[in-house]
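# A closer look at the structure
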Amino acid sequence: MMKMWSGRFRQPLDPQFERWQRSFEFDRRLLRYELAAGAAHARALKNAGVLSADELISILEALQKIGESDSQVSQNPRDPSTSLRAGLGHRNDTCSVHVEDDEAEDVHHYLEKQLVALIGETGYKLHSGRSRNEQIATDLRLYVRAAIDELRYELSEICAAFIHRAEQAGTAAMPAYTHLQHAEPVLVAHWLLAYLEMLLRDADRLAGCRARLNACPLGSGAVAGATLSLDRTFMAKELEFVSPTANSIDATSDRDFVLEFVNDLSILALHLSRWAEEMILFASHEFGFIHLPEAYSTGSSAMPQKKNPDLMELVRGKTGRVIGDANALMVILKGLPLAYNKDLQETQEPLFDATETMMNVLPLVTGFMKAVEFDFDRMNAGAQSGFMNAWAAATYLVNRGVPSRLAHEQVGKAVKLCLEKNCELRDLTLEELRGLNSAFDERFYECLKPASVLAMHDVIGGTAPERVRQAMASTKKKIDSLREEVHAHA
Ligand code: ARG
């Protein structure tokens, strides 16, 4: 079997080393991008006069065939002008994880072998003037770009599910916590909107990453640029990149788009992990704020009564894994001299792992979010006890001219009295209150009611129902435009 580089070697490789250094087992996922990049390169070779028109057609048709036999793309093989470009999208289920080849060193070698098997020596012409270093950099950019489109689509579905639940929640209230201690009441919708802020920023970060990676390394050669005068702008256009990359050394050796992407995924995963943690807590007997959907829960083989939040626990657990992938990438890259080093091959598996992990997590999160049941009675009840109106009570005094520090102290004393009497602030008599400050009057009791406490937080971004209504409308708009965008890329 001919290697892509064996000319100068007198000895064959040690078989164990040979097997060990291959990447085909994982980089076969890149086949569809390798095919697309190969087609773009072939066209550029024809334009540069290196391939004849017939050779180009035979190469393009062969690429098409290889793609089809891998059920990657299916277009009219007779029409090379449309070939392969439409194959740029990322579909997890059609990623070529199943192509087998015991000899291929990597996806580039695999493709060359297939090509030569189909059309003979002309197949070897495709590699004219290019290097695997620019190819892998191109394939990975295409992979990440497509993955971003798919993940942002899934993210938009999660957002739609969250906003729908927020709308359904109406004016239901719940306790908000700091230090996991009762803090103040908030609208359930306000709490859900908090996650939407995070998720929309995540979608935005991914879009930023996409914009930065959207330049084409083809024509960068091994390190110094192609040795044939290839039209790089043409190749970039063929692959729907905005432009060619600016520097051949950078293009063949940096993977910051992979780092950025997987770190963006870590942040997204981390947000979902915090949400999952809340779901787990809120499903516990002690909170009882939500009822786990049976379709997304599991039982215990031992304890018959159990319904466990396994999906949420796995969302939390997978986050550790994705953060680990991001960390691995950083460490792999940190000491590499420019330009290409084989270490870079090690960036692929963490990338694929993080991508596939999140690709699987996101639709499940959407499913869970649609199905989970909120117990608004329990949440509302939780929002009425535990002195969550104490800050509102102090504000009542502040509004009557009492200096904030003193008001804080006096309401603190009122709370202490309640703790002794085992009651809430509303149960104290006016006499008891006046003993602390003569500014207390009948209106105080009105101000302690949950509705007044909520309404008091009447600032932009606050939980007053009118503010939440406004926030919901503007969040909805953002989700709608995200959905429009992702559908355009789909
Ligand atoms: N499989 C290799 C990788 O993923 C492709 C590039 C190989 N380049 C080289 N000079 N050996 O990095």
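Residues numbered from 1 in each chain as written. Predicted model: local features only at pLDDT ≥ 70, side-chain atom pairs only at ≥ 80, totals over all residues. Heavy atoms only, no water.

## What about the pattern of salt bridges?
Tallying each qualifying case throughout the model produces 24 salt bridges. Note that Glu 197 is salt-bridged to Lys 478, the shortest N-O span being 3.9 Å. In this pair, Glu 197 is assigned in helix H8 (residues 188–213) and Lys 478 in helix H20 (residues 465–489), connecting sequence segments 281 residues apart. Accessibility expressed as a relative area gives 34% for Glu 197, which makes it partly exposed. Taking the shortest distance from any N to any O, the salt bridge between Asp 353 and Arg 321 comes out at 2.4 Å. A residue pair is termed long-range when its members are at least 10 positions apart, and Asp 353 in helix H13 (residues 348–371) and Arg 321 in helix H12 (residues 310–333) qualify at 32 residues. Looking at Arg 321, the relative accessible area reads 40%, which means it is partly exposed. One salt-bridge network, in which partners are shared between bridges, spans Lys 3, Glu 18 and Arg 22. (Salt bridge = Lys/Arg side-chain N within 4 Å of Asp/Glu carboxyl O. Helix = DSSP H or I, 4+ residues; strand = E, 2+ residues; numbered from the N terminus. Buried < 20%, exposed > 50% of the residue type's maximum accessible area, 1.4 Å probe, protein only.)

## Here we look at the site of the ligand
Close contacts around the ligand come from Ser 23, Asp 106, His 108, Arg 132, Asn 133, Ile 136, Tyr 340, Gln 345 and Gln 348, and that covers them all. Between Ser 23 and the ligand, the recorded distance is 3.2 Å, taken from a side-chain N or O atom to a nitrogen atom. Within the side chain of Asn 133, an N or O atom sits 2.9 Å from a nitrogen atom of the ligand. The protein chains hide 86% of the 350 Å² of surface that the ligand would expose on its own. Residue contributions to the shell around the ligand peak at 3 residues, all from helix H7 (residues 132–169). Taken together, the residues of the shell around the ligand break down into 2 nonpolar, 5 polar and 2 charged. (Near = heavy atom within 4 Å. Polar contact = N/O pair within 3.5 Å; in protein donor to acceptor, adjacent residues only side chain to side chain. Areas by Shrake-Rupley, 256 points an atom, 1.4 Å probe, with all protein chains shown as cover. Nonpolar A, V, L, I, M, F, W, Y, C, P; charged D, E, K, R; others polar.)

## A short note on empty space enclosed by the protein
Using the criterion set out here, one finds 3 cavities of 30 Å³ or more in the structure. Its volume calculated, the largest cavity comes out at about 80 Å³. Taken together, the residues that form the lining of the largest cavity break down as 6 nonpolar, 4 polar and 3 charged. A volume near 50 Å³ is recorded for the second largest cavity. Around the second largest cavity sit Met 4, His 108, Leu 111, Glu 112, Leu 115, Gly 123, Leu 126, His 127, Arg 130 and Gln 135, which together line it. (1 Å grid on protein atoms, 1.4 Å probe; cavity = no way out; pocket = protein on both sides within 12 Å on 5 of 7 lines; lining within 4 Å. Points joined across faces, edges and corners; volume = space filled by probe spheres on them.)

## As for the nonpolar core
Within soluble globular proteins, side chains that are nonpolar generally end up buried alongside one another. Counting residues in hydrophobic clusters, the biggest one holds 117 residues, and the most contacted among them are Trp 191 and Phe 261. Of the residues forming this core, the biggest block, 17 residues, is contributed by H7. Aside from chain neighbours lying at most four places away, what touches Phe 261 is Val 144, Ala 147, Ile 148, Leu 151, Leu 206, Cys 209, Leu 351 and Thr 355. Core analysis: the next-biggest nonpolar cluster, separate from the first, contains 21 residues, Ala 390, Tyr 396, Cys 418 and Phe 440 among them. (Core = buried A, V, L, I, M, F, W, Y, C linked by side-chain atoms within 4.5 Å. Contact = heavy atoms within 4.5 Å.)

## A word on the packing of helix H4 (residues 53–69) against helix H5 (residues 107–119)
Viewed as axis vectors pointing N to C, H4 and H5 meet at an angle of 115°, and their least axial separation amounts to 10 Å. Crossing hand, H4 versus H5: right-handed. Where H4 abuts H5, its residues Ser 58, Ile 59, Ala 62, Leu 63, Lys 65 and Ile 66 lie against Leu 111, Gln 114, Leu 115, Leu 118 and Ile 119. The residue makeup of the contact of H4 with H5, split by class, is 8 nonpolar, 2 polar and 1 charged. (Axes fitted to C-alpha atoms, helices over the stretch in contact; angles between N-to-C directions. Left-handed = near helix turned anticlockwise from the far one by under 90°.)

## Digging into H7
The terminal C-alpha atoms of H7, which comprises 38 residues, lie 55 Å apart, in line with the 56 Å expected from a rise of 1.5 Å per residue. A large share of H7 lies buried, amounting to 31 of its 38 residues. Backbone nitrogen of Asn 133 and a side-chain oxygen of the N-cap are separated by 2.8 Å at the start of H7; the cap is Ser 131. Positive phi appears at Gly 170, one or two residues downstream of H7, with a value of about 50°. (Expected span 1.5 Å × (residues − 1).)

## Some details on the confidence of the model for the chain
Per-residue confidence for the chain averages 93 on the pLDDT scale, and 94% of its residues sit at or above 70. Contacts from residues 72–86, a stretch scored under 50 in pLDDT, to residues over four places away or in other chains number 36 contacts. (pLDDT = per-residue confidence, 0-100.)

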